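Structure at a glance
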Amino acid sequence: FTSWTIMMKERLVVGIVQPDLRHSEESPLEATKRICSMVISKAHATTTITIDLFVLPELCPVGYSEDTFQRYRPFTPELKRMYHQIDKEMED
């Protein structure tokens, strides 16, 4: 976890987080919940500053492997629901 402060008219504090990529036994939804929990715990652990924005690597909860893209492309109603659940997790 790294914190950067960008000085503008108002201060913007950005938390840069590098979570582990999705484990092979985790579903993308489970990985999303794990990463959201990690970000929330980092936000609560930072008592001296307030983090305005967390930055995560692209696709970190979904994964980067070809296997992931073959197994989790949202072609079925079940996978489409899973991605809607992931979006909901990220909103909260």
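Residues numbered from 1 in each chain as written. Predicted model: local features only at pLDDT ≥ 70, side-chain atom pairs only at ≥ 80, totals over all residues. Heavy atoms only, no water.

The subject of this paragraph is helix α1 (residues 28–45). Taking 1.5 Å of rise per residue, 18 residues should cover 26 Å, and α1 covers 25 Å from first to last C-alpha, within 8% of that figure. Buried within α1 we find Pro28, Leu29, Ala31, Thr32, Ile35, Cys36 and Val39. Buried residues of α1, viewed axially, fall in a sector of 155 degrees; they line one side. Exposed residues on α1 whose side chains face more than 90 degrees from its buried face are His44 and Ala45. (Helix = DSSP H or I, 4+ residues; strand = E, 2+ residues; numbered from the N terminus. Expected span 1.5 Å × (residues − 1). Buried < 20%, exposed > 50% of the residue type's maximum accessible area, 1.4 Å probe, protein only. Arc of directions from axis to C-beta.)

Moving on, we get to the environment of Arg34. For Arg34, the location among the structural elements is in helix α1. Since its relative accessible area comes to 27%, Arg34 is described here as partly exposed. In the structure, Arg34 is positioned 14 residues away from Asp20 in sequence and 9.9 Å away in space, judged by C-alpha atoms. Apart from the residues within four sequence positions on either side, Arg34 is in contact with Asp20, Leu21, Arg22, His23 and Glu26. A distance of 3.5 Å separates a polar side-chain atom of Arg34 from the backbone oxygen of Asp20. (Contact = heavy atoms within 4.5 Å. Polar contact = N/O pair within 3.5 Å; in protein donor to acceptor, adjacent residues only side chain to side chain.)

This paragraph deals with the pattern of salt bridges. Under the counting rule described, the total for this entry stands at 1 salt bridge. Between Arg34 and Glu26 there is a salt bridge; the shortest N-O distance is 2.8 Å. (Salt bridge = Lys/Arg side-chain N within 4 Å of Asp/Glu carboxyl O.)

Let us now look at the packing of α1 against helix α3 (residues 77–91). Two numbers describe how α1 lies on α3: the axes approach to 9 Å, and their chain directions differ by 5 degrees. Viewed along their axes, α1 and α3 adopt a mutual orientation that is roughly parallel. Two secondary-structure elements touch here, α1 through Pro28, Leu29, Thr32, Lys33 and Cys36 and α3 through Met82, Gln85, Ile86, Glu89 and Met90. (Axes fitted to C-alpha atoms, helices over the stretch in contact; angles between N-to-C directions. Parallel < 35°, antiparallel > 145°, perpendicular 65-115°, else oblique.)

A residue-level look at the chain finds 75% of positions with pLDDT of 70 or above and a mean pLDDT of 77. Between the elements of the chain, mean pLDDT differs from a low of 56, seen in strand β1 (residues 2–7), to a high of 87, seen in α1. (pLDDT = per-residue confidence, 0-100.)

Our next topic: a nonpolar patch on the surface. A grouping of Ile16, Leu53 and Val55 is seen on the molecular surface, where their side chains present a nonpolar patch of about 220 Å² in accessible area. Classification of Val55 as partly exposed rests on a relative accessible area of 36%. (Patch = residues over 30% accessible without salt bridge, like charges linked within 9 Å, V, L, I, M, F, W, Y side chains within 5 Å. Areas by Shrake-Rupley, 256 points an atom, 1.4 Å probe, with all protein chains shown as cover.)

Further remarks concern the environment of Leu53. Within the secondary structure, Leu53 sits in strand β3 (residues 53–55). In contact with Leu53, other than residues within four places in its own chain, are Val13, Val14 and Gly15.

Before going further, it helps to examine the pairing of strand β2 (residues 11–16). In the sheet, β2 pairs with β3 via 3 bridges, with the strands oriented parallel. Residue Val14 lies in a different strand from β3, and its bridge partner there is Leu53. Each parallel crossover has a hand, and the one from β2 via α1 to β3 is right-handed. (Pairing = 2+ DSSP bridges. Right-handed = clockwise from strand over helix to strand, strands pointing away.)

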